[in-house]
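If you want the building blocks of each chain, they are given just below.
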Protein chains: 2
Amino acid sequence: MSTPRMRLNGLRQNTVGHTAMGLWRHPDSRAHEYRTIRHWVETAQILERGGFDALFIADALGPLEVYQGSVAAALRDGIQTPTGNPLLVIPAMAAVTRRLGFAVTVSTTYEQPYALARTMTTLDHLTEGRIGWNVVTSALDSAARNLGLDRQIPHDERYLIADEFMDVTYKLWEGSWEDGAVVRDAEAGVFADPAKVHAIEHRGTYFSVPGIALSEPSVQRTPVIFQAGSSSSGSSFAGRHAEGVFVSTYKAEMACDLSRRFRAQAAAHGRDPQELKIFAIATVVTGATDEAAQDRLKDLQSYTSLEGSLARWSALLDIDLAGLDPDKPLRHAETEGIRGLVDVFTTMDPDREWTPRSLAQFVGVGGGGPVFVGSPARVADEMEQWMEIAEIDGFNLADPIAPAGHREFVDLVVPELRRRGRVWNEYEGETLREYFRGAGLTRVADTHPAAAHRR
Amino acid sequence: MSTPRMRLNGLRQNTVGHTAMGLWRHPDSRAHEYRTIRHWVETAQILERGGFDALFIADALGPLEVYQGSVAAALRDGIQTPTGNPLLVIPAMAAVTRRLGFAVTVSTTYEQPYALARTMTTLDHLTEGRIGWNVVTSALDSAARNLGLDRQIPHDERYLIADEFMDVTYKLWEGSWEDGAVVRDAEAGVFADPAKVHAIEHRGTYFSVPGIALSEPSVQRTPVIFQAGSSSSGSSFAGRHAEGVFVSTYKAEMACDLSRRFRAQAAAHGRDPQELKIFAIATVVTGATDEAAQDRLKDLQSYTSLEGSLARWSALLDIDLAGLDPDKPLRHAETEGIRGLVDVFTTMDPDREWTPRSLAQFVGVGGGGPVFVGSPARVADEMEQWMEIAEIDGFNLADPIAPAGHREFVDLVVPELRRRGRVWNEYEGETLREYFRGAGLTRVADTHPAAAHRR
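Residues numbered from 1 in each chain as written. Chains lettered and ligands numbered in written order. Predicted model: local features only at pLDDT ≥ 70, side-chain atom pairs only at ≥ 80, totals over all residues. Heavy atoms only, no water.

Per an unreviewed UniProt entry, the recorded name for chain A is FMN-dependent oxidoreductase (Nitrilotriacetate monooxygenase family), and the organism is Kineosporia succinea. The heading Sequence similarities (unreviewed entry) in the UniProt record of chain A holds the text "Belongs to the NtaA/SnaA/DszA monooxygenase family." (UniProt positions renumbered as here; feature names shortened; annotations may be inferred.)

## A word on the overall build of chain A
Along chain A, the regular secondary structure elements total 15 helices and 13 strands. In terms of C-alpha radius of gyration, chain A reaches 22 Å, essentially the compact-globule figure of 23 Å for 455 residues. Over its C-alpha atoms, taken along the principal directions, chain A stretches across nearly 75 × 55 × 40 Å. Split into buried and exposed, the 455 residues of chain A put 63% on the buried side. Taking all contacts inside chain A whose residues are at least 6 apart in sequence as the whole, residues at least 24 apart take part in 76%. Counting only carbon and sulfur atoms, one obtains 46% of the accessible surface of chain A, whose full area is about 16,100 Å². Across chain A, the 47 positively charged side chains and the 61 negatively charged ones have centroids separated by 2 Å. (Helix = DSSP H or I, 4+ residues; strand = E, 2+ residues; numbered from the N terminus. Rg over C-alpha atoms; globule rule 2.2 N^0.38 Å. Buried < 20%, exposed > 50% of the residue type's maximum accessible area, 1.4 Å probe, protein only. Contact = heavy atoms within 4.5 Å. Areas by Shrake-Rupley, 256 points an atom, 1.4 Å probe, with all protein chains shown as cover. Lys, Arg positive; Asp, Glu negative; His and termini not counted. Charge placed at Lys NZ, Arg CZ, Asp CG, Glu CD.)

## Details of unusual backbone geometry
Phi is mostly negative for residues that are not glycine, and the peptide bonds are mostly trans. Residues Thr81 of chain A and Pro82 of chain A are joined by a peptide bond in cis, for which omega reads 0 degrees. Mapped onto the elements, Pro82 of chain A comes out in the loop between helix H2 (72-76) and helix H3 (90-94). Look at Glu201 of chain B: it is not a glycine, yet its phi comes out positive at around 50 degrees.

## Side note on the pairing of strand E3 (residues 101-107) of chain A
Consecutive side chains along a regular strand alternate between the two faces of the sheet. All names here are of chain A. Counting buried positions over the 7 residues of E3 gives 7, a clear majority of the element. The two faces of E3 match: Gly101, Ala103, Thr105 and Ser107 on one face and Phe102, Val104 and Val106 on the other face are all buried. Sheet analysis places strand E2 (residues 54-58) next to E3, joined by 4 bridges and oriented parallel. Within E3, the residue paired with Phe56 across the bridge is Ala103. Relative to strand E4 (residues 131-136), E3 runs parallel, the two sharing 6 bridges. Its bridge partner lying in E4, Phe102 is registered against Ile131. Note on the crossover from E3 through helix H4 (residues 113-126) to E4: the handedness is right-handed. (Pairing = 2+ DSSP bridges. Right-handed = clockwise from strand over helix to strand, strands pointing away.)

## Considerations on the UniProt feature "domain: Luciferase-like" (unreviewed entry) in chain A
The UniProt record marks residues 28-388 of chain A with the feature "domain: Luciferase-like" (unreviewed entry), using the residue numbering of this structure. Note that residues 28-388 of chain A is 41% helix and 14% strand, and that its end C-alpha atoms are spaced 33 Å apart.

## Quick word on the relation of the copies chain A and chain B
One copy of the chain maps onto the second through a rotation around an axis plus a translation along that axis. When chain A is fitted onto chain B, the two copies agree to an RMSD of 0.0 Å after a turn of 180 degrees and an axial shift of 0.0 Å. These values place the two chain copies in the arrangement generated by a two-fold rotation axis. The rotation axis passes nearest to the C-alpha of Ala92 of chain A in chain A, at a distance of 2.2 Å. A symmetric contact is evident, with 100% of the interface residues of chain A recurring at the interface of chain B. (Least-squares fit on C-alpha atoms with pLDDT ≥ 70 in both.)

## Digging into the packing of H4 of chain A against helix H6 (residues 155-175) of chain A
For any two helices packed against each other, one specifies the inter-axial angle together with the distance between the axes. All names here are of chain A. At their nearest, the axes of H4 and H6 sit 9 Å apart, and the two run at 55 degrees to each other. Considered as vectors, H4 and H6 are oriented oblique to each other. Along this stretch, H4 crosses H6, giving a crossing that reads as right-handed. Taken together, the residues of H6 that come into contact with H4 (itself represented by Pro113, Tyr114, Leu116, Ala117, Met120 and Thr121) are Phe165, Val168, Thr169, Leu172 and Trp173. (Axes fitted to C-alpha atoms, helices over the stretch in contact; angles between N-to-C directions. Parallel < 35°, antiparallel > 145°, perpendicular 65-115°, else oblique. Left-handed = near helix turned anticlockwise from the far one by under 90°.)

## A closer look at the nonpolar core
In terms of nonpolar packing, the biggest core is built from 226 residues, with Phe395 and Phe409 of chain A together with Phe395 and Phe409 of chain B touching the most fellow members. When near neighbours in sequence (up to four residues on either side) are disregarded, Phe395 of chain A contacts Met6, Arg7, Leu8, Asn9, Phe279, Ala280, Ala282, Phe372, Met383, Trp386 and Met387 of chain A. (Core = buried A, V, L, I, M, F, W, Y, C linked by side-chain atoms within 4.5 Å.)

## Observations concerning the pattern of salt bridges
All names here are of chain A. Here the structure, examined in full by the defined rule, presents 70 salt bridges over all chains. Note that Glu42 is salt-bridged to Arg407, the shortest N-O span being 2.6 Å. Taken together, the residues span a long stretch of sequence, with Glu42 in helix H1 (residues 37-49) and Arg407 in helix H14 (residues 404-419) at a distance of 365 residues. When the shortest N-O distance is used, the salt bridge between Asp393 and Arg263 registers 3.1 Å. With Asp393 in the loop between helix H13 (376-390) and strand E13 (394-398) and Arg263 in helix H8 (residues 252-268), this residue pair connects regions lying 130 residues apart in the sequence. Comparing Asp393 with Arg263, the two get one shared label, buried. Within this structure, Asp381, Glu384, Glu416, Arg419, Arg420 and Arg422 form a network of salt bridges that share partners. (Salt bridge = Lys/Arg side-chain N within 4 Å of Asp/Glu carboxyl O.)

## Some words on the interface of chain A and chain B
At the interface, 64 residues of chain A touch 64 residues of chain B. Of the roughly 5,600 Å² buried where chain A meets chain B, counting both sides, 67% is carbon and sulfur surface. Summed over the shared surface of chain A and chain B, the result is 4 salt bridges. Between Arg35 of chain B and Glu216 of chain A there is a salt bridge, with its nearest N and O atoms 3.6 Å apart. Here chain A and chain B share 26 residue pairs in polar contact (both at pLDDT 80 or more) between them. When contributions to the side of chain A that touches chain B are tallied by element, the ones reaching two or more residues are H2, H3, H4, helix H5 (141-146), strand E5 (182-185), strand E6 (190-192) and strand E8 (208-209) of chain A. The greatest single-element share of the side of chain A that touches chain B, amounting to 8 residues, is contributed by H4 of chain A. Looking at the side of chain A that touches chain B, its residues break down into 35 nonpolar, 19 polar and 10 charged. (Buried area = accessible area lost by both parts, 1.4 Å probe. Polar contact = N/O pair within 3.5 Å; in protein donor to acceptor, adjacent residues only side chain to side chain. Nonpolar A, V, L, I, M, F, W, Y, C, P; charged D, E, K, R; others polar.)

## Describing the packing of H13 of chain A against H14 of chain A
Residue and element names in this part refer to chain A. Look at H13 against H14: their axes get within 9 Å of each other, and the N-to-C directions meet at 65 degrees. As H13 runs across H14, the sense of the crossing is right-handed. Within the contact between the two elements, H13 uses Pro376, Ala377, Val379, Ala380 and Met383 and H14 uses Phe409, Leu412, Val413, Glu416 and Leu417. Its residues placed into classes, the contact of H13 with H14 shows 9 nonpolar, no polar and 1 charged.

See below:
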């Protein structure tokens, strides 16, 4: 059996502070330049040089405001706020790259499927088939309040809406314009043959879309579908729709549990479990030697922000952590959610007594997943091992000091991974779906629900 | 008094056939490449070379389907369908230009102001202050039906919604983040100062937006506001909000009536009427000599599409013109709307008996406005004269054979206009608003309603 490829995506958000809290203060960080084309162009060129499948762009349509009941802490550390529209940085990156894919987060709760189908097709045209869509349903109350909802739609109903939303977009992408509908026959005066363009006549519970798709089909038609929710509704949704799944956990064994659950869900929906490519969030801190890397880690840790971490966890747990004593062991916390969080870390390092301060320093560099620290060989070893235990296909690599972290990884670790046959020297295929399914396979698999709408 | 500048915008839609019907069949047309980055990059570079203020991008979220009650004719000539999202071509063009502005059409009927404010700010950041927003309220029933509305919202109510929509976005752009809110003080650990970022607390008839703006302010803050509706509600809306107005008429005298009406509306809203820059749609067909240009016009006319023109007018008039005899004089038409259309052309050429076929050939090249035909000197003469009679500030130049039409204009006519001091050799300023208001003036005028929300 040949060595399985280690699939790599860059992980960013169109904001200052995403997975790392306070690291914008590090002298090497250019994260504050997220507003510029230059920043994204450089990022994309680094990742393509490193043979990454895609840049994965997270998004949130509301600020974090659970901590102290205010956006103040999020603003002080630039965590998710200020932020920009993630779709708009893609065309600039596409203009300077030829192979790198882009997986972008868009919520089904605040869009109309008719318009979003056009948006995704436009991106797939402009990138010539390099687009993925990370489907989210948006959990933030702060988004709901500002986007026309009196209150948040309940979690499970958001997934029902999302499910119908997907069906509408599949009909538009796969079932409206036949292959060959665009004939561009100047002599006959026919640009598109109306007999090959079909109204989808969708009338459902949440959406009514009678018409034809506005856009002619792109190379991939349906973008590569990503999903990240690991709730019960979320993993069922992923099992049905996702081609890429994004998991966030600190331990490989827990990632393995998630991975198996997602693959079982895919099988339950009549799909090959290996059609789901599973990526775990991770951060790499490297250097010429293990010692240099450890020094670099200490350097990065010295910029982590306790308040920023508390603000982020408060939003994740939906519990205001402002009252915690930063130096009091967390295992005594009165709130169940907090003790649950601590249990995870305790299993990783049973001898350590976690306090808010020590935890902030630990996860402040790589919030959401493991931090691999060491020489290129050590990092490669640990990544290989983690991938094997977790039964995953690769990593979504965060960058605490964007884009320097990605640059160091590509310059130092990728050559080592290439020596081991883990990262390709040349992209095989030209579209994101081919990276997932194999060269020549630009369309969804026959077992994917989008395929049911093909003509 | 110095010669007033002739302001030029390119006019396109992210589609195959926009103002010209059937011209996609011309061998010089690359309009079908609207799906590619290359096409837009080339277009932008041509316009910037010609000193254009901006590329104006029209949009429609539904297909034309009044003619024969079907989308068939629109599909056959690629008129507005297929189409792509106009926002997404801008970052690719911004990456290869430094000065050209971009005025993009987005409807207030199908967006949430909270999200759109972020989108526009993102574009203004990425372009470093070169964004304009053409505000439309979307008249197409085909869009309403597919985008979650049971029926079209009545025209005047759409403008009431648009008015409140504008106020919400102004509050987000001008009133939420103070100048200097982003301090990026690494030592103090403060990226943004929460004391300088304010919740807008908007609670109105159509929108409730209590929160802070998601994005830090861009160079222009509020994008340059364009408007195109010339109904009573539309011109009042323009008088209040617009900095650029787009008029579509075949005769300079009629454009003058519109221009005066818009400026009067601006004055009625307490603004300097000259703060409104008025652009008329026009098409130029040129060549080395008048004779060469006339030959070029005949060449272009031979590709016009009768059915395409009927499909477009049917949508504009909301009357199915399918039953008309193509060779029967239109002045005998039984429908008032059709006779009204013909009256316009009859005043231009009283001796001509217009039939659907002759009209299609006439307006098929430059639908919506005058077609200036001739040597560079003749075209420059006629444009100057039209501009003077119409009391306008410049033109939105359509391109029937994109991008060759714009290239010919820039290569042949712009040098002549530069000799006459009508087109600048160097952009004065770096942002779109400076081109409108003068170098150094990157923000809205004090009399603009957005300014009321400044802190």
